[in-house]
Amino acid sequence: MQAEGALAAQNFSPPDSLAPFPFTAIVGQDDMKLAFVIAAIDPSVGGVLVFGDRGTGKSTAVRALARLLPPMRSVVGCAYNCDPAATAALCDGCKKRAAQGGLKTTLRAAPVVDLPLGATEDRVVGALDLERALTQGQKSFEPGLLAKANRGFLYIDEANLLEDHLVDLLLDVAASGENVVEREGLSVRHPARFVLIGSGNPEEGELRPQLLDRFGLAVDVKTPTDIPTRIEVVRRRDAFERDPARFAKAWSVEEHKLRRRIATGRERLGAVAAPDKALEKAAMLCVALGADGLRGELTLLRAARALASFEGVERVGDAQLRRVAPFALGHRLRRNPLDDIGSGTRVARAIEEIFGA
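What comes next concerns the included structure. Everything quoted here is computed from the prediction, not taken from an experiment.

## A short note on the pattern of salt bridges
Phase 1: All chains considered together, the criterion is met by 13 salt bridges.
Phase 2: Between R151 and D83 there is a salt bridge, with the nearest N and O atoms lying 3.9 Å from each other. In this pair, R151 sits in the loop between α7 (145–149) and β7 (153–156) while D83 sits in the loop between β2 (72–75) and α4 (92–99), placing the two residues 68 residues apart along the sequence.
Phase 3: D83 gets classed as partly exposed once you look at its relative accessible area, which sits at 26%.
Phase 4: Linked by salt bridges that have partners in common, D164, D168 and R208 make up one network.

Structure (C-alpha cells):
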C-alpha cells in the first residue's frame, strides 16, 4: 500500500502557467541533476552548491526542480507553511488555532524561493507592515523570504557575490532552523527550515568558507565541448521557446516518472540500511582526504542512503559511496598552495585507494 506522499505525487501537478523548462529535458549535467534529486529525497543532506560556467543550466535546473518536489501538507492560511504533524515546530499563530479547535490543512507545492542579490535584510527576514501601521495603527509582521522558504528550498544565484551581512544572517538561521526578528517594538519568532541551493561562477569570486561548509553537496559544471551535445542543447531550448506547452507535454511522461521516483525514494528512505562496512569505508575515505570534522562522513552517508533509496536498493554499498563522494567531499578539502592538483582529482585518487579501481 502506497503512502500518502507517493500517491499525492502521482496526482499533484503545479499549474501549467508556472511550467519551467522540464528537468528531465536538460542535456547532460548528470552530476548536477543527481545532486538535486538527492537533496529532494533527503533535505537533511544540507543543500547543493553548483559552481561553473555561465549558461550551463544551473538556474534552469533549480527552477525545474520545483515541479518534481512532492507536495507537502501545511496549515491553511499560515504564512510559514507550518507542518500540522510537527506540533512542536508550529508558529505562534498555528499553536493558537490548534488550541482553539484544530487546524485546517491542505496540500500545496513545496516552495522554491529566489533570494536576489540586491535584497535588503528586511526583505529577507521580514519587517513591520507599514501599510497596516499607518492605516490601522496596528503593529504587525510582514513575513520575508525566509518565511516563504520554510520547509522548501531557498535559491541563491551568484551566491559568491552575496553581501557579508546576509551570509551571516543565513548561517545563523540555517544552524538554528528559526528566524528571530525584532523590529520597532515587535518580537517575532518563526520556523525557518529550508534547503540551501546556491549557484555561481568561480571567476567572479570565491564563496566564504563558512557558507561553503553549509552546503552538503557541491558540484562543478562545465560547458560541453562535444558538438553533438551542444547541438542537442540548442535544439531542445529552441523547441521549448517556440512552443513551451507542446515541449512540456512531450516530456510529461519522463517528468511524471521522475516525480514518482523521488516521492517513493522519500517514503522508503528510513528503511535503507547503512552497514558497518559502509560506515568504515566512509570514514577511511574522509581520513585519507584529511577532511576536517565529521560533517563529511555524515553528509556522505546521508547522500549515499538517499541515492540507494532512489535506486531501490535496500543497503548502502560501495557503488553509492563512490558515486556521491565527489559531491560530498570535494569542497571540504584543505587547500595546499604547493599542490596544483584539483580537489576532484584528489577525491578520485582516494576513491581508487579505498574502493579499488
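The rest of the description comes next.
## What about the pairing of strand β10 (residues 195–200)?
Phase 1: Along β10, 6 of the 6 residues are buried, which leaves the element largely enclosed by surrounding structure.
Phase 2: Of the two faces of β10, the one carrying V195, I197 and S199 and the one carrying L196, G198 and G200 are both buried.
Phase 3: Both strand β1 (residues 48–52) and β10 contribute to a ladder of 4 bridges, which runs parallel. Directly across from V50, in β10, lies its bridge partner S199.
Phase 4: Sheet topology places β7 next to β10; 4 bridges connect them, and they run parallel. Across the sheet, the residue bridging to F153 is V195, located in β10.

## Quick notes on the layout of surface pockets
Phase 1: As a volume, the second largest pocket reaches approximately 1,000 Å³.
Phase 2: For the lining of the second largest pocket, the class distribution of residues is 18 nonpolar, 9 polar and 12 charged.

## Some thoughts on the nonpolar core
Phase 1: If you look at the biggest cluster of nonpolar residues, it comprises 63 residues, and the most contacted ones within it are F23, F36, I38, L217, L285 and L300.
Phase 2: It is helix α2 (residues 30–41) that contributes the most residues to this core, 9 residues altogether.
Phase 3: Apart from residues lying up to four places away in sequence, F23 is in contact with K33, F36, V37, A61, A64, L65, L68, E255 and L258.
Phase 4: If you look at the next biggest cluster of nonpolar residues, it comprises 39 residues, including L49, Y80, C94 and L145.

Reading guide: rules and limits
Residues numbered from 1 in each chain as written. Predicted model: local features only at pLDDT ≥ 70, side-chain atom pairs only at ≥ 80, totals over all residues. Heavy atoms only, no water. Salt bridge = Lys/Arg side-chain N within 4 Å of Asp/Glu carboxyl O. Helix = DSSP H or I, 4+ residues; strand = E, 2+ residues; numbered from the N terminus. Buried < 20%, exposed > 50% of the residue type's maximum accessible area, 1.4 Å probe, protein only. Pairing = 2+ DSSP bridges. 1 Å grid on protein atoms, 1.4 Å probe; cavity = no way out; pocket = protein on both sides within 12 Å on 5 of 7 lines; lining within 4 Å. Points joined across faces, edges and corners; volume = space filled by probe spheres on them. Nonpolar A, V, L, I, M, F, W, Y, C, P; charged D, E, K, R; others polar. Core = buried A, V, L, I, M, F, W, Y, C linked by side-chain atoms within 4.5 Å. Contact = heavy atoms within 4.5 Å.

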